[in-house]
Amino acid sequence: MSGVIDEPLKCKSDSEDTLGIDSYAQVLSRFVKETNTPMTVGIQGEWGSGKTSLLNSVWAKLEQGENLLIWINTWEYSLLTSPEEALIKIIVSITEKISACDRNKNSRDKILSATKSLVRGAAKIGAGVTLGSNAAQVVDELLENNNNTIQVIRQALADSVSDISNRTTNPYQRIVIFVDDLDRLDPVYAVQILELLKNIFSIEKCVFLLAIDYQVVVKGLKHKFGELTEHNEWEFRAFFDKIIQLPFMMPMSDYNIGRYIHELLQKINYLEKDDIEETSLEAVLDLTLGGNPRSIKRLVNSLLLITMMTEVKKTKMQDKFLLFTLVCIQITYPTFYVLLRKHPDFLKLTQEDAFVLTNGKEANEPTFNETLAQVKKTSFFDEEWEQVLFRVAFLSPYTKNRAIEISSLFNYIREYVESSELVLKTAIEEAISITGITNVVATDSSENDQKIARSPFSLEKSNLSDEDLRNELLNTLSRQTSLTPRLITLFEILLAEKMFITREEIKQRFFAKGIGENIGHAGRLLSNVSQFITKKANPHLRQIIEFESDGGSGASKTNYRLLDQYREVREVISSIRKGEVDETTGLAEQ
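These numbers were taken from a predicted model, which means no experiment stands behind them. Sequence order sets the numbering: in each chain, residues are counted from 1 along the sequence as written. Thresholds applied to this predicted model are a pLDDT of at least 70 for local features of residues and 80 or more for the giving and counting of side-chain atom pairs; totals over whole chains, interfaces and linings are not thresholded and use all residues. Only heavy atoms go into the side-chain values, all of them from the structure, while hydrogens and water stay out.

Undergrad: Is there a simple way to think about the pattern of salt bridges in this case?
TA: A pairing counts as a salt bridge when a side-chain nitrogen of Lys or Arg comes within 4 Å of a carboxyl oxygen of Asp or Glu. Under the criterion given, the structure shown has 14 salt bridges. In this structure, the salt-bridge partner of Lys224 is Glu195, at a minimum N-O distance of 3.6 Å. In this pair, Lys224 sits in helix α11 (residues 222–225) while Glu195 sits in helix α9 (residues 187–201), placing the two residues 29 residues apart along the sequence. Residue Arg259 is joined to Glu263 by a salt bridge in which the shortest nitrogen-to-oxygen separation is 3.3 Å. Numbering of helices and strands runs from the N terminus, with a helix taken as a DSSP run of H or I at least four residues long and a strand as a DSSP run of E at least two residues long.

Spelled out as structure tokens, the structure:
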């Protein structure tokens, strides 16, 4: 019995294709072999949707053919380097891999000569000679289609590729370049990579397969087009269409998720083959996690840990389907997991319970009363306990948009408990007692209330002068602790925007910058930074950073913003990054 690692499927054989993506890989590999060139295929899908697994499968099907295959993991190139240096290294790596297959020395020498300026640029950036705006200028110049360096490299590559494909002794007829993990980069740099690839490698005999989420492109173009609206959406789409000739959306709706989760649960000995029907598992996933393979692996590992704990404690494993459902709620709707912990007999929820749960905050929303009146007329919220669910869901944009799924899920639990002749309160309490070890939600508010008096947190801000504030900030950001780089990264993220940034987006950017082993870990590290900001000893940080939260000083922060008058904090961070301090730089804008 072992955990499920979060690694892409290798898809070397049909037996491993539990998601059912092999048919799509067959079609894509055939398209790559037969299409006119140059061609760029965009494999689109959300984080963890299986893009890398599909690329692996296509690679396996092309491996034995007349194709030179090149794999570029953009994330690996970005580690321990500046974004600008990573961009240039990716281009140099692709050109070197192509030239290595060219037996014509003159062609190879042309490519090497053409890329020398790029190598020198990368070396300067890496050595710190070219920093900040100068480093960005190097990349901006490369992005210009009329740049002489780009034209020379493109022509040298075109000649080399032509020579490779036309030589009778050479096995390769076309070059297929796989570009993965663009989603893990800062969106701005992901977009720049797309532009560079388009400018340099738009040559005959070349096919690109890019794993990219359209939403990453949207975020990476905000500095050009502003926030996405119905009026400027065409500009974002036009850019995407300029880069991508064939968009391919990951077929998550067609995944055989029931089979996938059922086989994973059998592998960890949570289920026997006929314990629970695949369709029942899939129905719960549809209402909670969805079909994202990465999220499902987290679910399976949680269930494995729960199984191990019951074995160690020699306790009886309760209803496995109900445990499965509770862990799905725990991961997807943590607020409702807490609700079940407080009210296991949820069919008895009343409006008084709702007020205790929400403090009536939902009624402050201008559209709430009208919306509630409308949903009461539907079968999803026509009972009092369902209306309590709606009130709780209305507090968060995410759960508000999924209120119908939440109601359907709770009704599904009710129907299952009734058909299994279980007692609802007892069944939920037993499941909660076992699943609590994988819960990441904070303790009950009643427990928190007892800790307020001795809380190390505060929302009080300082009112320091420009000079004093700068000195405090320099002192904080110069400390040699594991938290300091994460605090600096938070500042850099906030400097990139002028409005509030959601916790979820910051968490994604943390992970994209290498902070955290996975998204969940990145979120926990962000929580550590948030707690540091709200410590009583750090009112100067709260003078600079504004945030919104669902509660008091120790509560989760939902949105963050750097106050406009302190945006020159950029200079302080720059001096920290360089290891030097410019004593003349102030903080507040004059």
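Undergrad: Please clarify how the nonpolar core should be interpreted in this entry.
TA: Most often, soluble globular proteins have nonpolar side chains that are buried together. Buried residues of nine kinds, namely Ala, Val, Leu, Ile, Met, Phe, Trp, Tyr and Cys, make up a nonpolar core once their side-chain atoms join them within 4.5 Å. For the exposure calls, accessible area comes from a 1.4 Å probe over protein chains only, and a residue counts as buried if that area is under 20% of its type's maximum, exposed if over 50%, partly exposed in between. Leu265, Leu299, Phe324 and Phe336 are the most contacted members of the largest nonpolar core, which has 81 residues in total. If you tally residues by element for this core, the top one is helix α16 (residues 320–332), at nine residues. Apart from residues no more than four positions distant in its own chain, Phe324 is found in contact with Ile261, Leu265, Tyr270, Leu281, Val284, Leu285, Leu299 and Leu303. In this analysis, two residues are considered to be in contact whenever any of their non-hydrogen atoms come within 4.5 Å of each other.

Undergrad: Could you clarify how one ought to interpret the side chain of Glu362 in this entry?
TA: Note on placement: Glu362 falls in the loop between α18 (351–358) and α19 (368–375). A polar atom in the side chain of Glu362 sits 2.7 Å from the side chain of Thr358. Separated by 2.7 Å, the side chains of Glu362 and Arg391 make a polar contact. Sequence-distant contacts of Glu362, defined by excluding residues within four places in its chain, comprise Phe368, Arg391, Phe394 and Leu395. Pairs of N or O atoms are called polar contacts if they sit within 3.5 Å, as long as, within protein, a hydrogen donor faces a hydrogen acceptor (for residues adjacent in sequence, only side-chain-to-side-chain pairs).

Undergrad: Looking at this structure, I do not really get the packing of α16 against helix α17 (residues 334–342). What am I missing?
TA: For any two helices packed against each other, the geometry is given by the interaxial angle and the distance between the axes. Two elements in contact, α16 and α17, have axes whose closest approach is 5 Å; the angle formed by their N-to-C orientations is 130 degrees. Considering the angle they form, α16 stands oblique to α17. In contact with Leu326, Ile329, Gln330, Ile331 and Thr332 of α16, α17 contributes Pro334, Phe336, Tyr337 and Leu340. In this classification, the charged set is Asp, Glu, Lys and Arg, the nonpolar set is Ala, Val, Leu, Ile, Met, Phe, Trp, Tyr, Cys and Pro, and all remaining amino acids, among them Gly, are polar. A per-class count over the contact of α16 with α17 returns seven nonpolar, two polar and no charged. Throughout, an axis means a line fitted to C-alpha atoms (over the contacting stretch in the case of helices), and angles, computed between N-to-C directions, take values from 0 to 180 degrees. Angle categories are assigned with fixed cut-offs, so that under 35 degrees is roughly parallel, over 145 is roughly antiparallel, 65 to 115 is roughly perpendicular, and the rest are oblique.

Undergrad: I would appreciate a short explanation of the packing of aromatic side chains in the present structure.
TA: For any pair of aromatic rings, geometry is given as the distance between the ring centres together with the angle between the planes. Whether two aromatic rings pair depends on their centres lying within 6.5 Å, for rings of Phe, Tyr and Trp, where Trp uses its six-membered ring; planes under 30 degrees apart make the pair stacked, over 60 edge-to-face, and the rest tilted. For the structure on display, the rule yields 17 aromatic pairs. For the ring pair Tyr333 and Tyr398, a centre distance of 6.3 Å and an interplane angle of 35 degrees mean the geometry is tilted. Placement of the pair is Tyr333 in the loop between α16 and α17 and Tyr398 in helix α21 (residues 397–401), with a sequence separation of 65 residues. With relative accessibility at 1%, the residue Tyr333 sits in the buried group. Through a chain of ring-to-ring contacts, the aromatic side chains of Tyr333, Phe336, Phe346, Trp385, Tyr398 and Phe410 assemble into a single cluster. Sitting over the ring of Tyr270, Lys320 keeps its end group 5.8 Å from the ring centre. Our definition puts a charge over a ring when NZ of Lys or CZ of Arg is within 6 Å of the ring centre and also within 35 degrees of the ring normal. The residue whose ring lies beneath Arg561 is Phe500, and the NZ or CZ to ring-centre distance is 5.2 Å.

All quantities given are derived from atomic positions and should not be read as evidence of function.
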